[in-house]
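Take a look at the letters that make up each chain.
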Amino acid sequence: MYTWLGLYLSQRYNMDALTIGLTILGYGIPGLLLSSLIGRAVDRWGRRWLIPSGLVMAALAGLVMIFNIPAHVTTIAVLFLSLAYDLTQPLFVGIVTDLGDGNKLGQTMGLKVFTLFTGFGIGSLIFGELLHFGFGISLAIFGGIQLISGLIAIPLFWQEVPSRLRS
């Protein structure tokens, strides 16, 4: 859904290109300001709390955008979408990086990049196809899938703790 934010803002709020750009500029702010805190949280608590939280946060942000809310609330939802991305994508990259050994780091990073950009492309394509039903339905499906993924992630990541906390 991230790819389609500009269209959403244009259709929902009749924003011009500059206003859309300024609104989407906020998408990078959580990563800029909070990335070191997220890294420390992973070191302290592991991915078990952060990945499910990020998925659920993305779900809630998407679901809020279904409703007729003021533009500034949508900007806040975009900030939460960004934070949700920051809580999930780098941590998934860490999982992929852990798959390889030192001799196959290039293959591991190739897998990561392939998966990341394939996911961006396929996700954007699917969301674009869902837009034939309107943003409300598309956001509901996005939010539902994110919420289900977040709930599934809880048991999947529950055993994941930093090495210093393992007994």
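Residues numbered from 1 in each chain as written. Predicted model: local features only at pLDDT ≥ 70, side-chain atom pairs only at ≥ 80, totals over all residues. Heavy atoms only, no water.

## Topic: the packing of helix H4 (residues 47-64) against helix H7 (residues 135-157)
Part 1 of the reasoning: Between H4 and H7, the shortest axis-to-axis distance is 8 Å and the interhelical angle comes to 165°. What the angle tells us is that H4 and H7 run roughly antiparallel. Crossing of H4 over H7 shows left-handed handedness. Side by side, H4 and H7 meet where Arg47, Arg48, Ile51, Pro52, Leu55, Val56, Ala58, Ala59, Gly62 and Leu63 of the first sit next to Leu139, Ala140, Phe142, Gly143, Gln146, Leu147, Ser149, Gly150, Ala153, Ile154 and Phe157 of the second.
Part 2 of the reasoning: Among the residues making up the contact of H4 with H7, the classes are represented as 14 nonpolar, 5 polar and 2 charged. (Axes fitted to C-alpha atoms, helices over the stretch in contact; angles between N-to-C directions. Helix = DSSP H or I, 4+ residues; strand = E, 2+ residues; numbered from the N terminus. Parallel < 35°, antiparallel > 145°, perpendicular 65-115°, else oblique. Left-handed = near helix turned anticlockwise from the far one by under 90°. Contact = heavy atoms within 4.5 Å. Nonpolar A, V, L, I, M, F, W, Y, C, P; charged D, E, K, R; others polar.)

## Structural notes on the nonpolar core
Part 1 of the reasoning: By size, the foremost hydrophobic cluster in this structure holds 35 residues, and its most contacted members are Met1, Tyr8, Met65, Leu81, Phe127 and Leu139.
Part 2 of the reasoning: Mapped onto this core, the elements with two or more residues apiece are helix H1 (5-13), helix H3 (29-45), H4, helix H5 (71-99), helix H6 (105-130) and H7.
Part 3 of the reasoning: Top contributing element to this core by residue count: H5, with 8 residues.
Part 4 of the reasoning: With residues up to four places along the chain from it excluded, the contact list for Met1 reads Met65, Leu81, Phe127, Leu139 and Phe142. (Core = buried A, V, L, I, M, F, W, Y, C linked by side-chain atoms within 4.5 Å. Buried < 20%, exposed > 50% of the residue type's maximum accessible area, 1.4 Å probe, protein only.)

## As for H1
Part 1 of the reasoning: Taken residue by residue, H1 has Leu5, Tyr8, Leu9 and Tyr13 as its buried positions. The arc enclosing the buried residues of H1, seen along the axis, measures out at 95°, which places them on a common side.
Part 2 of the reasoning: Looking at the buried residues of H1, the elements they touch are helix H2 (17-25), H5 and H7.
Part 3 of the reasoning: Just beyond H1, the residue with positive phi is Asn14, at close to 55°. (Arc of directions from axis to C-beta.)

## A few points about the side chain of Thr88
Part 1 of the reasoning: Following the sequence through the fold, Thr88 ends up in helix H5.
Part 2 of the reasoning: For Thr88, a relative accessible area of 8% translates into the label buried.
Part 3 of the reasoning: Of note is the side chain of Thr88, whose polar atom sits 3.0 Å from the backbone oxygen of Ala84.
Part 4 of the reasoning: Excluding anything up to four places from it in sequence, Thr88 contacts Ile51, Gly54 and Leu55. (Polar contact = N/O pair within 3.5 Å; in protein donor to acceptor, adjacent residues only side chain to side chain.)

## Overview of the side chain of Ser82
Part 1 of the reasoning: Along the polypeptide, Ser82 turns up in helix H5.
Part 2 of the reasoning: Residue contacts for Ser82: discarding those within four places in its chain leaves Tyr27, Gly28, Pro30 and Gly31.

## Concerning the pattern of salt bridges
Part 1 of the reasoning: Going through the model one piece at a time under the given rule, you end up with 1 salt bridge.
Part 2 of the reasoning: Between Glu160 and Arg47 there is a salt bridge, with the nearest N and O atoms lying 2.4 Å from each other. Pair noted here: Glu160 is in the segment after H7 and Arg47 is in helix H4, with a separation of 113 residues, a long-range link.
Part 3 of the reasoning: Its relative accessible area of 13% is what places Arg47 among the buried residues. (Salt bridge = Lys/Arg side-chain N within 4 Å of Asp/Glu carboxyl O.)

## A short note on a nonpolar patch on the surface
Part 1 of the reasoning: A cluster of nonpolar side chains, Trp45, Trp49, Leu147, Leu151, Ile154 and Trp158, forms an exposed patch at the surface whose accessible area comes to about 590 Å².
Part 2 of the reasoning: Broken down by element, the nonpolar patch gets its largest block of residues, 3 residues, from H7.
Part 3 of the reasoning: With respect to the helices and strands, Trp158 occurs in the segment after H7.
Part 4 of the reasoning: When its relative accessible area of 37% is taken as the criterion, Trp158 is described as partly exposed. (Patch = residues over 30% accessible without salt bridge, like charges linked within 9 Å, V, L, I, M, F, W, Y side chains within 5 Å. Areas by Shrake-Rupley, 256 points an atom, 1.4 Å probe, with all protein chains shown as cover.)

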